[in-house]
Amino acid sequence: MAFQDMAVGLFGQPAAPPANVWWLVGVVVLVILAALVVIIVLRYWNIWFQAYMSNANVSLWSLIGMDLRQVDARTIVQAKIMAVQAGLGPERQTGITTRRLEAHYLAGGDVRKVIQALIAAHRADIDLDFDRAAAIDLAGRDVREAVQTSVNPKVIDCPDPHKSPRPYLSAIARNGVELRVRARVTVRTNLERLIGGATEETIIARVGEGIITAIGSSDTHLEVLENPDRISKAVLERGLDAQTAFEIVSIDIADIDVGENIGARLQAEQAEADTRVARAKAEERRAMAMAREQEMKAAVAQNRAMVMLAEAEVPKAMAAAFRAGLLEQKRFGPPGDGQNAPISAS
């Protein structure tokens, strides 16, 4: 009968499969489903049960989807558990949903630091939501450290001993005396300006510039030594924390020493330079006088030579006059005979 049924199925009407075949297919399907369920339970049961007992609101399908999207499910679940246990509020209010945590993780953010920063801000009654915290984290800033600095202000050395070649700021008062100053700046993070705001290096540079300006505007260094707090007040009044990620709490002068008398040294160097210039000018005048003297001596010698040349021409002229008969020589006789007349022209 089985062969006939098969022949009919091949050459005639299709033969209906036997009942045992359907039963075998159903058993295989059930086994596969059971195996999948067992695999899922073994893989996700522990973390899902942990989330369920903590009211973290993470479904089993979400865990499977995280695995398919290559998201660390344990990190997401632990972050949601921390948020729930810290009492941040429901998801609709805080915006800390599973999908948003996954998106932040896939964008390269640190989900754990963001949640820890939100918990710290919530404890300190600081207005910080998930969107701003995630933006700060994706901008490359340490959002957890930023919140901690908002609660516990940070002290910055000015100048920074690790980055500056000199451990002090050098400023000169109007009387020319150098003062060497070291300051400490207490700052706290301004979360509203953390994105796009200037960093600690800008604060250090601005405070150093303000200190140098305040000392340079003092008439004498004694005024600064008597009232060092005037430097702090002058610097704070300038609003140096504008457009920065920090808010300056205070500026304290940690150390101030008297350096060199730059003004006196500059005056001495200027006097030495003036002396050298005067000596150079005197030597120039002396050289010009000597040159003038030599010129006058040469002029005298030239004039003498011209006189001698003129005297030499006199005999020549007389000889020429005799030859031309322009002159007559009369013989000199005894006195009174009329022959002692001088030579005269004919």
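What counts as what
Residues numbered from 1 in each chain as written. Predicted model: local features only at pLDDT ≥ 70, side-chain atom pairs only at ≥ 80, totals over all residues. Heavy atoms only, no water. Axes fitted to C-alpha atoms, helices over the stretch in contact; angles between N-to-C directions. Helix = DSSP H or I, 4+ residues; strand = E, 2+ residues; numbered from the N terminus. Parallel < 35°, antiparallel > 145°, perpendicular 65-115°, else oblique. Left-handed = near helix turned anticlockwise from the far one by under 90°. Contact = heavy atoms within 4.5 Å. Nonpolar A, V, L, I, M, F, W, Y, C, P; charged D, E, K, R; others polar. pLDDT = per-residue confidence, 0-100. Salt bridge = Lys/Arg side-chain N within 4 Å of Asp/Glu carboxyl O. Expected span 1.5 Å × (residues − 1). Buried < 20%, exposed > 50% of the residue type's maximum accessible area, 1.4 Å probe, protein only.

A.B. asks: Just checking my understanding: could you explain the packing of helix α10 (residues 200-216) against helix α12 (residues 229-236) for this structure?
C.D. replies: To characterise two packed helices, one gives the angle between the axes of the helices and the distance between these axes. Interhelical geometry of α10 versus α12 gives an angle of 120° and a closest axis separation of 9 Å. By the criterion of interaxial angle, the relationship of α10 to α12 is oblique. Of the two elements, α10 crosses α12, and the hand of that crossing is right-handed. Contact with α10, carried on its side by Gly-210, Ile-211, Ala-214 and Ile-215, involves Ile-231, Ala-234 and Val-235 of α12 and no other residues of that element. Looking at the contact of α10 with α12, its residues break down into six nonpolar, one polar and no charged.

A.B. asks: Even after reading the chapter, I still don't get the confidence of the model for the protein, so can you show me in this structure?
C.D. replies: Note: predicted coordinates in regions of low pLDDT should not be interpreted at a detailed level. On average, the protein scores 80 in pLDDT, and the residues at 70 or more come to 86%. Throughout residues 6-13 the model reports pLDDT below 50, and contacts reaching past four residues in sequence, or to other chains, amount to four contacts.

A.B. asks: Hey, could you run me through the pattern of salt bridges in this one?
C.D. replies: Side-chain pairs of opposite charge can arise where the charged atoms are in close proximity. Here the structure, examined in full by the defined rule, presents 17 salt bridges. In this structure, Glu-247 and Arg-188 form a salt bridge, with 3.5 Å as the shortest nitrogen-oxygen distance. Of the two residues, Glu-247 is situated in strand β4 (residues 246-261) and Arg-188 in strand β3 (residues 177-189); the sequence distance between them amounts to 59 residues.

A.B. asks: What am I meant to see in helix α4 (residues 73-85) here?
C.D. replies: Because each turn of an α-helix spans 3.6 residues, side chains separated by three or four positions in sequence point in the same direction. With 13 residues, α4 should reach 18 Å at 1.5 Å per residue; the first-to-last C-alpha distance of 18 Å fits that figure. Of all the positions in α4, only Ala-73, Thr-75, Ile-76, Val-77, Ala-79, Lys-80, Ile-81 and Ala-83 are classed as buried. Two residues or fewer past α4, Gly-87 is found with a positive phi of approximately 75°.

A.B. asks: Would you take a moment to explain the environment of Gln-243 for this structure?
C.D. replies: Among the secondary structure elements, Gln-243 is positioned in the loop between α12 and β4. Sequence spacing of Gln-243 and Ala-198 is 45 residues, and the spatial spacing of their C-alpha atoms is 6.4 Å. Setting aside its immediate chain neighbours within four residues, Gln-243 contacts Arg-193, Gly-197 and Ala-198.

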